[in-house]
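These are the residues of each chain, in order.
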Amino acid sequence: MTLRGELRAESRQKRRTRAREGAHNKNRGRNDGPGDIEALEVGQSSRTARKVAVLMGGPSAEREVSLSSGRECAAALRGEGFTVVEIDAGADLCARLRDEAPDVVFNALHGRWGEDGAVQGMLEWLGIPYTHSGILASALAMDKQRAKDVFRAAGLPVMESVIATRAEVAAGHVIAPPYVVKPVNEGSSVGVHLVRDHSNAPLVLGGDAPDMLMVESFAPGRELTTTVMGDRALMVTEIMTADWYDYAAKYSPGGSTHVVPAEIPEPIAALCLDHALRAHRALGCRGMSRTDFRWDEARGAAGLVLLEVNTQPGMTPTSLSPEQAGALGIGFAELCRWLVEDASCSR
């Protein structure tokens, strides 16, 4: 069965499950819980508009990326027949959601507060179904050290690293170069620095650097990434850059090139799919996630290393995860609709 066919079968099963759960949700005092949201089959048009609140922006360092994702998703969902309200998440978010009373929240927030379990906890408290991962998976994935502990326990390959204070990192090399210094709980390569081999001086940190940092041995090789949608790993993309994949390379025009699917040996592609799905499951992710790798081809399979899992990947039509879905015949609007269909509480 094709991926689209499997997703249609899932949709039919979810419709039956939600119908059974409808009475339970109403007994909880809500008339717009998950049981009242009819599942949409992938590839089938919606003829009844439901209200979706798209959360975007917010106070994190990834605000601009989130605004871009949110606007694209909102436009796509309107095109699919949903009633959409765009909410720039601020201190009044809880009150805004109570006033708007959406059937579903599409979480297009990136970074802290929106991707670390905080907003997910609020949505659970309000009883509003939401997209992507739940509280625990979001919190684990955002905390790079705890995520590594989960990956190691699952037998997945990760680089060695230590947690150090900002003062320690600025005073001298805490591990031998080359290494990468990154915040423990930010995403999108925010605040990530590479200390190259044979570097004589420690890293000079800006005043906005957090107090605690992860210092991780540098993983040489090619940049690869794999999306998991539902419980299926889609494919492998290679990300090609002039130097290394930092924040500027991710978001500056021409900063990177995506090769979809990656031109790598089949056994390595199969390992990426396997590791991405195992990481997704080990963290308890839901909806969609994306796992980033580095592969040192000189070492073969032993050179593949898992870097991190992103529980809310970028969502523009040219972002990595929508690109992979598109290569398998799932358009951007269709992907957004699938995420709304997948929404629930107790994730």
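All of the points below concern the structure found in this document. (Residues numbered from 1 in each chain as written. Predicted model: local features only at pLDDT ≥ 70, side-chain atom pairs only at ≥ 80, totals over all residues. Heavy atoms only, no water.)

**As for the sheet that holds strand β6 (residues 193-195)**
- Read across the open sheet, the four strands follow the order β4-β7-β5-β6; overall the sheet is antiparallel. In this open sheet, the two edge strands, each paired with only one partner strand, are β4 (161-165) and β6. Sheet twist, expressed as the average angle between the axes of neighbouring strands with direction ignored, equals 30°.
- Inspection of the sheet shows strand β5 (residues 179-183) paired to strand β7 (residues 212-217) by five bridges, in the antiparallel sense. Looking at β7, one finds that Pro 183 is bridged to Leu 213. (Pairing = 2+ DSSP bridges. Helix = DSSP H or I, 4+ residues; strand = E, 2+ residues; numbered from the N terminus. Axes fitted to C-alpha atoms, helices over the stretch in contact; angles between N-to-C directions.)

**Some words on the pairing of β7**
- For β4 and β7, the ladder comprises five bridges, and the chain directions are antiparallel. Paired with Ala 164 across the bridge in β7 is Leu 213.

**Considerations on the packing of helix α5 (residues 135-142) against helix α6 (residues 144-153)**
- Direction vectors running N to C along α5 and α6 enclose 105°, while the axes themselves pass 5 Å from each other. Here α6 runs roughly perpendicular to α5, going by the angle between their axes. Taken together, the residues of α6 that come into contact with α5 (itself represented by Leu 140, Ala 141 and Met 142) are Lys 144, Arg 146, Ala 147 and Val 150.
- A breakdown of the residues in the contact of α5 with α6 according to their chemical character gives five nonpolar, no polar and two charged. (Parallel < 35°, antiparallel > 145°, perpendicular 65-115°, else oblique. Contact = heavy atoms within 4.5 Å. Nonpolar A, V, L, I, M, F, W, Y, C, P; charged D, E, K, R; others polar.)

**Here we look at the sheet that holds strand β12 (residues 304-310)**
- Pairing is antiparallel across the open sheet formed by five strands, whose spatial order is β10-β9-β8-β11-β12. In this open sheet, the two edge strands, each paired with only one partner strand, are β10 (257-259) and β12. Each neighbouring strand pair of the sheet contributes to a mean axis angle of 30°, computed without reference to strand direction.
- In this structure, strand β8 (residues 222-229) lies alongside strand β11 (residues 288-295), joined through eight bridges in antiparallel fashion. The residue of β11 that forms the bridge with Thr 225 is Asp 292.
- Seen against the sheet, helix α10 (residues 320-327) touches β8, β9 (232-240), β10 and β11 and runs at an angle of roughly 120° to β9.

**Looking at α6**
- Of all the positions in α6, only Lys 144, Ala 147, Lys 148, Val 150 and Phe 151 are classed as buried. The buried residues of α6 occupy an angular sector of 160° when the element is viewed end-on, so they sit on one face. Facing away from the buried surface of α6 by more than 90 degrees, the exposed residues are Arg 146 and Ala 153.
- Structurally, α6 contributes buried residues whose contacts are with α5, β4, β5, β7, α9 (266-283) and β12.
- Within two residues after α6, Gly 155 carries a phi angle of roughly 75°, on the positive side. (Buried < 20%, exposed > 50% of the residue type's maximum accessible area, 1.4 Å probe, protein only. Arc of directions from axis to C-beta.)

**Some words on the environment of Glu 6**
- When you line up the elements, Glu 6 lands in helix α1 (residues 3-27).
- Taking the C-alpha atoms as reference, Glu 6 lies 9.8 Å from Arg 232; in sequence the two are 226 residues apart.

**Comments concerning the packing of aromatic side chains**
- Considering all chains together, one arrives at zero aromatic pairs under this definition.
- Just above the ring of Trp 113 sits the side chain of Arg 112; from NZ or CZ to the centre is 4.9 Å.
- Its guanidinium or amino end placed over the ring of Tyr 130, Arg 347 lies 6.0 Å from that ring's centre, counting from NZ or CZ. (Phe/Tyr/Trp six-rings, centres within 6.5 Å; stacked < 30°, edge-to-face > 60°. Lys NZ or Arg CZ within 6 Å of the ring centre and 35° of its normal.)

**Thoughts on unusual backbone geometry**
- In this model, Pro 177 is joined to Pro 178 through a cis peptide bond whose omega is 0°.
- Looking at the secondary structure, you find Pro 178 in the loop between α7 (166-171) and β5.
- The step from Val 260 to Pro 261 runs through a cis peptide bond, and the omega angle for that step is -5°.
- Residue position: Pro 261 is located in the loop between β10 and α9.
- Even without glycine at this site, His 132 takes up a positive phi of about 65°.
- Along the polypeptide, His 132 turns up in the loop between α4 (118-126) and α5.
- The exposure class assigned to His 132 is buried, which follows from its relative accessible area of 2%.
- Residues other than glycine seldom take positive phi values, yet Ser 346 does so here, at roughly 55°.
- Residue position: Ser 346 is located in the segment after α11 (332-342).

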